[in-house]
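# Working through the structure, step by step
So you can see what is in the structure, the chains are spelled out below.
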Amino acid sequence: MMDDGGVNGQSAVMSAHPPFVRLDGARTTLVVDCRGDVPTVAHWGRRLAADTDLAALAALAQREAAPGAPSTTPPMGLSPLIGSGWPGRPGVSAHRSGRDWATWAQIARVTRTDGTLEIVSDGAAQGILMLHRMRLSGDVLTVSTTLTNTGETPLRVEACDAPALPVPAHLTHWLSFEGRWAGEFQTRRIERGIGAIARENRRGRTSHDAFPLLLAEETGSETAGEALGFHLAWSGNHRMWAETLNDARGYAMFGALFLPGELTLAPGASYTSPDLVVAWSDAGRSGIARAFQAHVRARPQHDRLRARPRPVHYNSWEAVYFDHSPDRLMALADAAANIGVERFVLDDGWMTGRRSDRVGLGDWTVDRGVYPKGLHPLIERVRGQGMEFGLWVEPEMCTPDSEVARAHPDWILACPPAPQLDFRHQFVLDFSRAEVRDHVWRQLAALLDEYPIAYLKWDMNRDLSHAGGADGRAAAVAHVEGVYALLDRLREHYPAVEVETCASGGGRADLGMLARTDRVWASDTNDALDRLTVQRGLSTLLPPELVGSHVGPATCHITGRHLSMRLRVATAIFGHFGVEADLTAMSDADRAQLAAGIALHKRHRDLIHSGALYRLDRPAGEIAFGIVAATARTGLFSLTQITAPVASFATPLRLAGLDPAATYRVTPVWPAGEALTATGELLMHIGVQPPRLQPQHAIIWTVEATRGS
Ligand code: DGJ
């Protein structure tokens, strides 16, 4: 419905702006109320009827004056402003040497192009201009704030968050995503009460402990209830703020976090917040996962991933660590090719002197002592076996005894006289500086020019604890922007090279990084049971074709747990499959089962890498989910029994995402078993009786429509 006098599909600038503007997604509607001085969100969520009276919608929110409160409620603007009397967190905090701090701006211009809304607010008296950009595609809203200094003196910016979005009261809980190294994306449910929950990330990278994803939810179910999901597409310091005011209004607001003095805008300069990406669903947590995953898959850069099957990886890390030898790696390459691997990735340890994590970062030359003829013989062997070759790099880092550290000590981020913090014996190069990026670029380009490298694993193994540039100023935000710039350059010059984002596992798995990379290393734990929860958490945002998932050694080097090959395959199969273990030390039986697992993955990877995810609610001690094709004709469901069930039998597994009227054949394929036939209605509402599984065992079923609509 047009409330703005605009024309669908064309840009419409509304100088005398309309009272309301509206965007509609597939099942969602955004309404922005532009009647007052500041733009406020009147509705974001379930799609409203085309003829909804938007004035009546806004009237529903009107309240009488409360005792002991202002007689008119200060508006929650897209950037809530101090000058409006807003009692919560301001969306923009800025000042000029302590003046012009009570930010205030009024709507000056409203522009709507199909699917995108831009609202400019002018704070001429304080020399600020704000642009709020809101784009709705599918059921995902992407919003950002641009702040421009229109004054004549520098503007010191303490915060410029992406727009605040309301969180209705019936979403009674928050769900946060947090964790640690080798235990990322764990969820925690928090009851909403008056006050804020805030997560600040000061690690300089996206972090293991404060992943910028938060849900507000009605039920906590995977399949039912309304929910909102908020993700900040940013790979550095950030703040997530979710608050319920004592006047009962709730909102979530995310933005980059600036270190002291980090952002000063010169006259005329602008800063744009990272995108806040927001999904709505009325089908529980998995509904949010499907909305985000569909959004990620709709990105133009996803086309090239879709264009061919995602190749099965072999990664050398857990087989050899730093103990490289061409003969051993060639033997591993042969063994990998024999079981169906399609891409061989040489992990850390190939560089000059890199026999441990204490040396060898920063110069990016092949260790001629280990590889006398460079990497050519190994790569030829890999390619001769029909596999692609991939290489591990950690471009932002240097160890102290590297050429780069000796020649350019001022390129290292530091905060003298405070001592550096030892962190894996390495320092961070200041990527905010063009000459540093150029230096690293030349080295990466030399490798990519000399060798046929199809894939780079871009690792990043320490926090930016001392993110000071040589000029003495904080450079954490600018470092991340520099990383983006170098990745963009890489993409432009080597468009065929795929890049994986890794930061001690899943420390940098956000959509800012994924705008320029093709895969995430979700976690350093290859323990199949721990991986199930890591992958479940991350699946709230990312589809499985982007999530590296490897079969590791029988005994996990991190947890010490010994798990069967069958279980390790059953977990890894639902991602971008890989193997990361010493194949030459594996029993014949395990190797054969792994080959069968790879074959199973290849048979179903088109479905796994394109279908819709339905995580299922199960009793504690079990994890179950399914992936169903868009046609609802085929699906793959998995159940893992982590601990023994309380009763003698597991409860029926109610499938989801099927056509109730169609008849399906449900066949256990891992391990193989007897098929059964039932309608989608019965499978979803009554459920399948799982076999009795011992703890640490899994079962995978295929579901195929044999008849029906
Ligand atoms: C951390 C990564 O997460 C691992 O997969 C591996 O690449 C090591 N770094 C190598 O140093």
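Each residue is numbered by its place in its chain's sequence as written, counting from 1. Local features in a predicted model are, by the rule used here, given only for residues with pLDDT of at least 70; side-chain atom pairs are given and counted only at 80 or more, and totals for whole chains, interfaces and linings are based on all residues. Based on all heavy atoms of the structure, the side-chain values leave hydrogens and waters out of the count.

### Some details on the environment of Leu54
Selection criterion: Only DSSP runs of H or I covering at least 4 residues are called helices, and only runs of E covering at least 2 are called strands; the numbering of each starts at the N terminus. Note on exposure labels: buried denotes an accessible area under 20% of the residue type's maximum, exposed denotes more than 50%, and partly exposed covers the range between, all computed with a 1.4 Å probe on protein chains only.
Along the chain, Leu54 falls in helix α1 (residues 54–59). Judged by its relative accessible area of 2%, Leu54 falls in the buried class.

### Comments concerning the pairing of strand β10 (residues 155–160)
Rule in force here: Being paired, for any two strands, means DSSP has found at least two bridges between them.
In this sheet, β10 lies alongside strand β5 (residues 92–95) in antiparallel orientation, the contact comprising four bridges. Paired with His95 across the two strands is Arg156, which belongs to β10. Pairing of β10 with strand β19 (residues 263–265), which is carried by three bridges, proceeds in the antiparallel orientation. Residue pairing across strands places Val157 opposite Leu263, the latter belonging to β19.

### Regarding the side chain of Arg192
Put simply, the rule reads: Counted charges follow a simple rule, with Lys and Arg positive, Asp and Glu negative, and His plus the chain ends left uncounted. Salt bridge, as used here, is a side-chain nitrogen of Lys or Arg placed within 4 Å of a carboxyl oxygen of Asp or Glu. Polar contacts, as used here, are pairs of N or O atoms within 3.5 Å; protein pairs need one atom able to donate a hydrogen and one able to accept it. Residues neighboring in sequence count only if both atoms are side-chain atoms.
Tracing the sequence through the fold places Arg192 in the loop between β13 (183–191) and β14 (195–201). As a buried residue without a salt bridge, Arg192 has its nearest oppositely charged side chain in Asp247, at a separation of 9.0 Å. At 3.0 Å, the side chain of Arg192 and the side chain of Thr244 are in polar contact.

### So, the sheet that holds β19
Here is the rule we go by: The axes used here are C-alpha line fits, helices contributing only the stretch in contact, and every angle between their N-to-C directions lies in the interval 0 to 180 degrees.
With antiparallel pairing, the three strands of this open sheet are ordered in space as β5-β10-β19. Of all strands in the sheet, those with a lone pairing partner are β5 and β19, marking the two edges. The sheet shows a mean angle of 35° between the axes of neighbouring strands, direction not considered.

### Re the nonpolar core
Note the threshold: We call a set of buried residues a nonpolar core when its members are Ala, Val, Leu, Ile, Met, Phe, Trp, Tyr or Cys and they connect through side-chain atoms within 4.5 Å of each other. What makes two residues a contact is simply this: any of their non-hydrogen atoms within 4.5 Å.
Judged by nonpolar contacts, the single largest core of 155 residues is most densely connected at Phe344, Trp350, Leu583 and Leu594. Aside from chain neighbours lying at most four places away, what touches Phe344 is Tyr314, Leu329, Leu332, Ala333, Leu378, Val382, Met387, Glu388, Phe389 and Gly390.

### A short note on the environment of Thr116
Along the chain, the position of Thr116 falls in strand β7 (residues 116–123). Classification of Thr116 by relative accessible area gives buried; the value is 17%. Filtering out sequence-adjacent residues up to four positions away, Thr116 remains in contact with Leu23, Thr111, Arg133, Met134 and Arg135.

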